[in-house]
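Okay, here's what each chain looks like letter by letter:
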Amino acid sequence: MNTHQYIINDVQPFASSKSIKELQSAFNQLTYTHFPIIKEGVFEGCISDTDVHCFETDKKIEDYAYTIEPFFVRLDTNWLDTLEAFALHNTNIMPVLNHENVYQGYYELGDIIGIFNDTPFLNEAGGIIVVEKGIRDYSFSEMCQIVESNDAKILGIFISQLDNDVMQATIKIGHQGINEIVQTFRRYSYNIVSSHDEDLLLEDLKERSNYLDKYLNI
């Protein structure tokens, strides 16, 4: 997917020779978490709003060069890696460089998230299953096989959580009748984290529990 159309040049990078006061003023007018910084026309990195508002106003940006974070993406970086870069650096602006390290502009977080919103994972009707298994035991090919063996199609799958030795995978399925898929995952020793109205096993356990409560109360 081509992301070049989302490159913005409305705000030019700040030269490191500029004053902190000017940079603070720019941050006050805009909602960006960072600003790109250049030195003699060469991209250096980004400086954060949080840091800048702690600096002395009569100083220059270059006096605080040690706070500049050298993050960016390339022109040919795919949108998913770009989205990951936003998350890793906790920013809502991402500089774009070509392979000669020349600054091309920047992406806004909202535009890149918009690309994700247009993927089948989000905009196609279907069901979500969240499964859990040991990090050493799960397999993407196995999860795909489980879904497809029940005549369903996968619209997307990703690792949504890693906690110690356990992973959770979120699976979007283009299929609403997912009870058979849920039961197959259980047979392959996956724990089902998500709840499903069609989950017959849970319904059966609930009925047994209610029966036991009635028996104990006699």
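Small disclaimer: the values here were computed from a predicted structure and weren't measured. (Residues numbered from 1 in each chain as written. Predicted model: local features only at pLDDT ≥ 70, side-chain atom pairs only at ≥ 80, totals over all residues. Heavy atoms only, no water.)

(A) Spotlight on the nonpolar core. Grouped together as the largest cluster of nonpolar side chains are 33 residues, with contacts concentrated most on L23, F35 and I47. Every element with two or more residues in this core is listed here: α1 (20–29), β2 (34–39), β3 (42–48), α3 (79–89), β5 (93–97), β6 (103–108) and α4 (109–117). Excluding its chain neighbours within four sequence positions, the residues that come into contact with L23 are F14, F35, I47, V52 and I61. Among the nonpolar cores identified, the runner-up in size contains 16 residues, and I129, V131, I146 and A169 belong to it. (Core = buried A, V, L, I, M, F, W, Y, C linked by side-chain atoms within 4.5 Å. Buried < 20%, exposed > 50% of the residue type's maximum accessible area, 1.4 Å probe, protein only. Helix = DSSP H or I, 4+ residues; strand = E, 2+ residues; numbered from the N terminus. Contact = heavy atoms within 4.5 Å.)

(B) Structural context of a negative patch on the surface. Taken together, the side chains of E44, E56, D58, E62 and D63 present a region of like negative charge at the surface. Take E56: it is sitting in the loop between α2 (49–52) and β4 (73–74). On the accessibility criterion, E56 (46% relative accessible area) is partly exposed. (Patch = residues over 30% accessible without salt bridge, like charges linked within 9 Å, V, L, I, M, F, W, Y side chains within 5 Å. Areas by Shrake-Rupley, 256 points an atom, 1.4 Å probe, with all protein chains shown as cover. Salt bridge = Lys/Arg side-chain N within 4 Å of Asp/Glu carboxyl O. Lys, Arg positive; Asp, Glu negative; His and termini not counted. Charge placed at Lys NZ, Arg CZ, Asp CG, Glu CD.)

(C) Molecular detail of the packing of aromatic side chains. Within the structure shown, the criterion is met by 10 aromatic pairs. Aromatic pair F185 and Y190: ring centres 5.3 Å apart, planes at 80 degrees, arrangement edge-to-face. For the pair F185 and Y190, one class covers both residues: buried. A connected cluster of aromatic rings, assembled from ring pairs, spans F14, F27, Y32, F35 and Y106. (Phe/Tyr/Trp six-rings, centres within 6.5 Å; stacked < 30°, edge-to-face > 60°.)

(D) Expanded view of the confidence of the model for the protein chain. For the protein chain, the mean per-residue pLDDT works out to 87, and 89% of the residues sit at or above 70. The element-level mean pLDDT for the protein chain is lowest in helix α8 (residues 200–216), coming to 49, with β5 highest at 97. (pLDDT = per-residue confidence, 0-100.)

(E) Focus on α3. Regarding α3, the residues found buried are W79, T82, A85 and F86. In an axial view of α3, the angular spread of the buried residues amounts to 110 degrees, which keeps them on one side of the axis. For α3, exposure combined with an orientation more than 90 degrees from the buried face picks out A87 and L88. N-cap assignment for α3: the residue whose side-chain oxygen lies 3.0 Å from the backbone N of L80 is N78. (Arc of directions from axis to C-beta. Polar contact = N/O pair within 3.5 Å; in protein donor to acceptor, adjacent residues only side chain to side chain.)

(F) Spotlight on the environment of K59. Its location among the elements puts K59 in the loop between α2 and β4. By relative accessible area, K59 is classed as partly exposed at 33%. In this structure, the C-alpha to C-alpha distance between K59 and S17, residues 42 residues apart in sequence, is 9.5 Å. When residues no more than four places from it in sequence are discounted, the contact partners of K59 are S19, I20 and Y64.

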